[in-house]
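Chain by chain, the residues run as shown.
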Amino acid sequence: MLTLYLAPGSSSMAPHIALREVDARFEIRALSFARRENRSPDYLAINPEGKVPTLLVEGRPLTEVAGILFYLAKRFPAARLLPEADVEAEAQVVAWMSFLAATVHPARRQGIEVARAVYRRVERRLDGRAWAVGGGMSIADIHLCQLFWKFRAKSGAAFSLERNPL
Ligand SMILES: N[C@@H](CCC(=O)N[C@@H](CS)C(=O)NCC(=O)O)C(=O)O
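Analysis parameters
Residues numbered from 1 in each chain as written. Predicted model: local features only at pLDDT ≥ 70, side-chain atom pairs only at ≥ 80, totals over all residues. Helix = DSSP H or I, 4+ residues; strand = E, 2+ residues; numbered from the N terminus. Rg over C-alpha atoms; globule rule 2.2 N^0.38 Å. Buried ≥ 20, exposed ≤ 12 C-beta atoms within 10 Å, placed from the backbone. Contact = placed C-beta atoms within 7 Å. Near = placed C-beta within 6 Å. Nonpolar A, V, L, I, M, F, W, Y, C, P; charged D, E, K, R; others polar. Core = buried A, V, L, I, M, F, W, Y, C linked by C-beta atoms within 7 Å. Domains from an automatic or database assignment. Pairing = 2+ DSSP bridges. Axes fitted to C-alpha atoms, helices over the stretch in contact; angles between N-to-C directions. Parallel < 35°, antiparallel > 145°, perpendicular 65-115°, else oblique. Left-handed = near helix turned anticlockwise from the far one by under 90°.

A. Representation of the overall build of the protein chain in the model. Counting secondary structure elements, the protein chain contains six helices and four strands. If you list the helices and strands of the protein chain from N to C, you get β-α-β-α-β-β-α-α-α-α. Its C-alpha atoms give the protein chain a radius of gyration of 16 Å, near enough to 15 Å, the size a compact globule of 166 residues would have. Based on the C-alpha atoms only, the size of the protein chain along its principal axes is roughly 45 × 40 × 20 Å. Considering the protein chain as a whole, with its 166 residues, one finds that 30% of them fall into the buried category. When contacts within the protein chain are restricted to residue pairs at least 6 apart in sequence, those whose partners lie at least 24 apart make up 62%.

B. Here's a closer look at the site of the ligand. Taken together, the residues surrounding the ligand are Ser10, Ser11, Phe33, Asn38, Gly50, Lys51, Val52, Pro53, Glu64, Val65 and Ala101. A class-by-class count of the residues in the shell around the ligand yields five nonpolar, four polar and two charged.

C. Region of interest: the nonpolar core. Among the nonpolar cores identified, the biggest contains 37 residues, and Ala18, Leu69, Trp96, Met97, Ile139 and Ala140 are the most heavily contacted of them. Elements with a contribution of two residues or more to this core: β1 (2-6), α1 (13-21), α3 (65-75), α4 (87-104), α5 (112-126) and α6 (139-155). In this structure, this core is formed jointly by two domains, domain 1 (2-78) and domain 2 (83-155), each of which donates at least three residues. Contacts of Ala140, omitting those with residues within four sequence positions, involve Val93, Trp96, Met97, Ala132 and Val133.

D. Main features of the sheet that holds strand β3 (residues 54-57). On the basis of which strands lie adjacent, the open sheet formed by four strands has the order β2-β1-β3-β4 and mixed pairing. Because the sheet does not close on itself, it has two edges, and the strands there are β2 (26-30) and β4 (60-63). For this sheet, the mean inter-axis angle between neighbouring strands, taken without regard to orientation, is 25 degrees. With four bridges joining them, β3 and β4 adopt antiparallel strand pairing. Bridge pairing links Thr54 to Thr63 in β4. Where α1 meets the sheet, it contacts β1, β2 and β3, and its direction lies at approximately 150 degrees from that of β1.

E. Up close: the packing of α3 against α4. Where α3 contacts α4, the axes come no closer than 9 Å and their chain directions differ by 155 degrees. In terms of their interaxial angle, α3 and α4 are classed as roughly antiparallel. When you trace α3 past α4, the crossing you get is right-handed. Residues Val65, Ala66 and Leu69 of α3 lie in contact with α4, whose contacting residues are Met97, Ser98 and Ala101. Its residues assigned to classes, the contact of α3 with α4 comprises five nonpolar, one polar and no charged.

F. Examining the pairing of β3 more closely. Bridging between β1 and β3 involves four bridges; their strand directions are antiparallel. Directly across from Tyr5, in β3, lies its bridge partner Thr54. Between the antiparallel neighbours β3 and β4 lie two residues, among them Glu58 with a positive phi of about 50 degrees.

Printed below as a string of structure tokens:
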């Protein structure tokens, strides 16, 4: 059984999208940040960082958006959310997700100007391509989608920063 701990509108949206994409059977446990449910002793026992997402795989916690997306892509290969038989392209997907988790996700906390600059760097990396890596959607695109949606929702910005500079 797969169980996703999520908080509406947060990073947990990316694994939630992926679970739907791979057509997995899963349960949801929604946490309220306002009620600090992510800081409860019960949840901290599952994820000591007190953050979402966490995916329970047969009761075992798996954390971090990138780790969960990678797990789902590998476990459900029919969904083709990773490049097939191309280790370099697969590594490019991992590289994208590392960049998104380490640089893009925290950018908003550094102020709107830093965030705008970082999101423009993402647009330049994409260089007009429809997908982050290769000719189809991968877990990197799901991760990107969630971050751009969140940035847009928070800043009221248009989705494409190049066409609609903030
Ligand atoms: N590096 C983590 C970041 C997860 C994260 O920052 N989650 C936020 C929501 S977007 C959270 O749970 N915040 C609650 C808190 O820090 O109290 C990942 O990629 O999963």
